[in-house]
Amino acid sequence: MKNKLFKKSFLFVVLATVLTACNTSEKKEIAAIETAPVIETFTISKEKLATELRIPAELTGFQQVDIYAKVSSFVKELKVDIGSQVKKGQLLLILEAPEISSQLAAAQSRQLSQKAIYTASKSTFDRLFETSKIEGTISKNDLEQAAARKNSDYAQYQASQAAYKEITIMKSYLVIRAPFDGIITARNVNLGTFVGSSGKGSEFPLFTLQQQNKLRLSVYVPEIYTGYLTVGDELIFNVKSINNETFHAKIARMSGALDSRLRSERVELDVLNTSKKLLPGMVAEVLLPLKSKDNNYVVPKSAVVTSSDGVYVFIVENNKMKRTAVQKGRELKNRVEIFGNIPENSILVKVASEEMKDGTAVK
């Protein structure tokens with residue numbers, strides 16, 4: 001009987017001790033939470049962030065070419081000047097090279113001479129061939145020699161034709177015509193100027209021709225923003241020299257690769273310029289609308305800590321701070337996109353700092 005009473009008393013003492021320890025632990029946790037600093041938090045949510053970016057760009061002629069002389073010669077006639085509007089195929093310049101005319105005459109004479117020689121040898125071969133049809137009249141060796149002479153003369157005749165054609169092409173280079181419709185924006189020669197394909201006469205182009213009724217607007221988009229643009233998107237731009245006026249153009253081409261120096265993608269827009277208000281060489285400012293395609297986490301900038309340890313935020317779980325690594329996206333005023341392993345409806349510390357420690361109790 002005494003043993004039973006002793007066992008019951010012992011169990012009661014143990015149970016009381018355990019309950020007292022639990023109560024003490026809970027009280028300590030409650031006390032720690034109650035004494036923890038009060039920190040402002042918020043519940044994270046997703047949204048589509050829409051921002052705008054202004055980037056400088058340059059206008060150039062849709063087509064532009066520097067026209068040089070193909071052969072060494074002198075300027076004989078100038079048909080256009082700076083500011084002249086020309087059509088495709090229009091005569092711009094006539095050059096003079098007397099030695100080319102002499103070479104052409106000599107080539108023509110050689111061609112006629114070779115043609116006569118070939119005609120004679122062919123006639124000889126044809127007669128011998130017809131005669132050889134009667135057995136025993138013409139030896140096989142004589143017929144073969146006549147055929148070889150005919151073929152040789154024909155090859156010489158073809159070579160003279162090629163030489164004559166080459167000189168004819170060289171002479172055609174003395175007449176220079178416009179390769180497309182445009183405006184002459186530079187002229188570097190006068191009557192009698194020596195020009196050529198090499199040497200002093202080739203230092204500067206004869207003319208610079210630009211197509212200005214249609215322009216190219218070239219803009220380099222930083223790597224982080226290239227995913228927000230596609231071919232066909234309409235953009236707005238303005239030019240400082242033309243006040244209070246905006247222009248519209250659509251993206252026509254994207255390079256599809258990043259410039260190794262600028263870490264940017266070249267994007268080109270086609271700009272109709274029938275009014276001739278815009279000029280090649282003007283610097284423009286392009287407005288890029290950056291609209292997210294997907295919903296992303298957007299938080300106050302103060303919630304993101306950037307330090308030597310990396311970029312992170314503090315998530316509050318069970319009244320304790322948990323440091324979580326993230327990556328930053330676009331920024332808009334006091335907000336920033338973040339990407340990382342963050343559960344939905346997580347509670348984040350609104351004003352975070354490097355002094356905060358992982359696992360710190362918060363109220």
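Just so we're clear, the structure is a prediction, and the values are computed from it rather than from any experiment.

The rules behind these values
Residues numbered from 1 in each chain as written. Predicted model: local features only at pLDDT ≥ 70, side-chain atom pairs only at ≥ 80, totals over all residues. Heavy atoms only, no water. Buried < 20%, exposed > 50% of the residue type's maximum accessible area, 1.4 Å probe, protein only. Helix = DSSP H or I, 4+ residues; strand = E, 2+ residues; numbered from the N terminus. Phe/Tyr/Trp six-rings, centres within 6.5 Å; stacked < 30°, edge-to-face > 60°. Lys NZ or Arg CZ within 6 Å of the ring centre and 35° of its normal.

Take unusual backbone geometry next. Glycine aside, the phi torsion of most residues is negative, and most peptide linkages are trans. One non-glycine residue with positive phi stands out, namely N319, at about 60 degrees. Classification of N319 by relative accessible area gives partly exposed; the value is 37%. Even without being a glycine, N345 presents a positive backbone phi close to 60 degrees. One can find N345 in the loop between β21 (335-340) and β22 (347-349). Exposure remark for N345: the relative accessible area of 58% places this residue in the exposed category.

Moving on: the packing of aromatic side chains. Between two aromatic rings, the relevant description is the distance of the centres plus the angle of the planes. Inspection of the entire model under this criterion finds 6 aromatic pairs. For the ring pair Y118 and Y157, a centre distance of 6.1 Å and an interplane angle of 5 degrees mean the geometry is stacked. Of this pair, Y118 sits in helix α2 (residues 98-131) while Y157 sits in helix α3 (residues 140-172), placing them 39 residues apart in sequence. Take Y118 and Y157: they sit in the same class, and that class is buried. When the centroid spacing of 5.5 Å and the interplanar angle of 25 degrees are considered together, the rings of F237 and F247 count as stacked. Of this pair, F237 sits in strand β13 (residues 234-239) while F247 is found in strand β14 (residues 246-258), placing the two residues 10 residues apart along the sequence. Residue F237 is classed as buried on the basis of its relative accessible area, which comes to 1%. Looking at F247, the relative accessible area reads 13%, which means it is buried. One aromatic cluster in this structure is built from Y118, Y154 and Y157. Lying across the ring of Y297, K46 places its NZ or CZ 5.2 Å from the centre.

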